[in-house]
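An overview of the molecular structure
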Amino acid sequence: MKHDPDELVILLTRGISQRKMYFAEHPKVAAISHSFPKELVSFLEQSGSKSLFLGVVDRKLVYHGTYLIGPSIVGSKLSEFAEFLRCGGFLFQSVVHADEMTQFFTLASEIAEPLAHLAEARALLRERGIRNIELSPVYEDPEHFGGLSDFAGEFNGELADDNDGQMAGMFLCQNLYDTVDTAHTGSTMGYSLDIDRAREESGKLVDGTREGFMDIMQLVHYPDFDTYTVGHSVRVALLATLVGKSMNLNDETLLELCMAGLLHDVGKSQIPDEILFKPGRLDVEERDIMETHARIGAEILMGHEKASMLAVAGAWGHHLRSDGGGYPKAPEWAGRHFLTQLLQVCDVFEALTAIRPYKPPFSPRRVYEIMVQDEGAFDPTALGVFVRAVGLYPPGSRLVLTDGTRGIVTAAGNDPEKPVVLIQSDREGNELPAEMHHEVDLDAEAEDLPAVEELLM
Ligand SMILES: [Fe+2]
Ligand SMILES: [Fe+2]
């Protein structure tokens with residue numbers, strides 16, 4: 001059985017992030033430096049290997065000849081580090097020590113531009129006392145560690161079979177995650193927001209989803225690596241863009257809506273981790289602090305001349321209810337923009353359908369029930385527009401149909417029960433080759449059309 005090193009990639013990425021924010025001896029950095037070697041040993045025992053090699057090819061992480069799509073999205077800091085070191089991957093020996101990990105994170109957080117060549121990078125690692133992490137030459141080099149190991153054939157074969165569409169989506173997601181992560185990390189450290197970057201990436205998303213949302217929605221379901229805020233914000237932005245498109249909003253408004261989604265929770269960067277990550281219920285005082293994130297987010301954005309009014313309004317008003325409840329306390333004369341009301345719907349829908357360690361994801365059907373029962377919470381028009389655009393089976397959802405075939409939703413249908421599905425496996429459950437994948441509109445006027453049997457979560 002193949003073991004996925006996803007958790008290890010997440011730890012490495014978090015280590016780099018935390019070291020960017022905190023000094024080397026900080027307990028948060030130390031905790032990751034200590035847990036990585038332990039997790040590595042248990043991973044190697046389970047997988048029966050002596051060392052872990054993570055390849056990096058064109059900003060994508062590779063393990064055992066396969067691209068790690070999810071980890072590549074959240075682990076862009078690691079692949080960027082590899083690029084700066086002019087290497088094609090990292091080989092972690094089982095005996096790697098916590099001190100070496102701290103040095104590794106420190107180097108990754110300090111390095112700001114590419115080194116001249118690999119030899120310089122190797123010397124730098126030795127200088128820092130890092131002996132149990134080796135740098136591989138780049139992929140094209142015959143000395144590449146992936147090429148020397150026992151999975152060389154598999155490695156070459158898989159990488160040649162690159163899926164362009166999926167890779168383009170992956171880069172898009174990688175940049176969106178990085179934009180939100182940098183905005184949050186930067187705000188924590190008191191830096192000004194990079195609004196230009198958020199705008200640029202939002203523009204790419206609006207462009208990249210012209211053909212549909214299936215590919216990208218599939219990719220963003222990867223669990224969040226750190227705060228449950230980064231992936232959440234990217235998904236809220238995607239949902240808002242999807243709904244905005246169904247309303248035929250012009251490109252500039254769509255871009256602003258997307259940006260507002262990406263940055264709506266930026267105020268959480270100022271909430272102490274003890275409250276943000278508290279596993280149990282927050283007490284009254286903690287909740288009061290947590291709720292300040294909406295006001296703080298609006299203030300952060302207002303401090304930036306290039307932030308749009310919609311982004312400010314989105315951050316400020318995404319927890320306000322239609323009946324005037326919620327937070328922050330708003331004066332009676334204050335109205336809410338329709339798109340802010342839409343962001344509130346996207347925010348709640350995402351939070352309830354998301355994968356979290358402490359709760360199962362709810363199905364969209366269950367989420368709509370909860371939302372409708374919460375009288376006065378949502379603007380009925382915003383909720384209606386959302387349900388029509390997203391449906392019971394959002395694009396990217398995997399379905400089993402009543403005839404036994406399986407596929408992925410490409411778009412919502414006029415009837416929320418009947419989406420358009422790309423069939424990917426036959427009635428016997430055999431996966432079809434890509435050229436035999438075909439779209440079925442379950443809402444079409446044809447006889448013998450199957451219905452949805454099950455939503456695979
Ligand atoms: Fe929020
Ligand atoms: Fe949110």
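Up top is the structure these notes are about.
Residues numbered from 1 in each chain as written. Chains lettered and ligands numbered in written order. Predicted model: local features only at pLDDT ≥ 70, side-chain atom pairs only at ≥ 80, totals over all residues.

To continue, consider the overall build of the chain. For the chain, the count of helices and strands is 19 helices and 10 strands. In summary, the chain has a C-alpha radius of gyration of 23 Å against a globular reference of 23 Å for 457 residues, a match within 12%. Per-residue burial over the chain gives 42% buried out of 457 residues. Considering only contacts within the chain whose residues lie at least 6 apart along the sequence, 68% involve residues at least 24 apart. (Helix = DSSP H or I, 4+ residues; strand = E, 2+ residues; numbered from the N terminus. Rg over C-alpha atoms; globule rule 2.2 N^0.38 Å. Buried ≥ 20, exposed ≤ 12 C-beta atoms within 10 Å, placed from the backbone. Contact = placed C-beta atoms within 7 Å.)

Turning next to the packing of helix 12 (residues 230-246) against helix 17 (residues 338-353). Where helix 12 contacts helix 17, the two axes come as close as 9 Å, and the packing angle between them is 130 degrees. Classed by the angle they form, the pair helix 12 and helix 17 counts as oblique. With respect to the hand of their crossing, helix 12 and helix 17 are arranged in right-handed fashion. Where helix 12 approaches helix 17, its residues His 232, Arg 235, Val 236, Leu 239, Ala 240 and Val 243 are matched on the opposing element by Leu 342, Leu 343, Cys 346, Asp 347, Phe 349, Glu 350 and Ala 351. Of the residues belonging to the contact of helix 12 with helix 17, the class tally is nine nonpolar, one polar and three charged. (Axes fitted to C-alpha atoms, helices over the stretch in contact; angles between N-to-C directions. Parallel < 35°, antiparallel > 145°, perpendicular 65-115°, else oblique. Left-handed = near helix turned anticlockwise from the far one by under 90°. Nonpolar A, V, L, I, M, F, W, Y, C, P; charged D, E, K, R; others polar.)

This paragraph deals with the pairing of strand 1 (residues 51-57). Across the seven residues that make up strand 1, a large majority, six, are buried. The pairing of strand 1 with strand 4 (residues 89-93) spans five bridges and is classified as antiparallel. Looking at strand 4, one finds that Phe 53 is bridged to Leu 91. In the sheet, strand 1 pairs with strand 2 (residues 60-63) via three bridges, with the strands oriented antiparallel. Within strand 2, the residue paired with Val 57 across the bridge is Lys 60. (Pairing = 2+ DSSP bridges.)

So, on to the packing of helix 2 (residues 27-47) against helix 5 (residues 98-110). With their axes 8 Å apart at the nearest point, helix 2 and helix 5 run at an angle of 120 degrees to one another. Between helix 2 and helix 5, the angle is such that the two are oblique. When you trace helix 2 past helix 5, the crossing you get is right-handed. In contact with Val 29, Ser 33, His 34, Phe 36 and Pro 37 of helix 2, helix 5 contributes Ala 98, Met 101, Thr 102 and Phe 105.

With antiparallel pairing, the five strands of this open sheet are ordered in space as 9-8-7-6-10. Among the strands making up the open sheet, the edge pair consists of strand 9 (438-441) and strand 10 (452-456). Each adjacent strand pair in this sheet contributes to an overall mean axis angle of 40 degrees, direction not counted. Bridging between strand 7 (residues 406-411) and strand 8 (residues 420-425) involves five bridges; their strand directions are antiparallel. Directly across from Val 409, in strand 8, lies its bridge partner Val 421.

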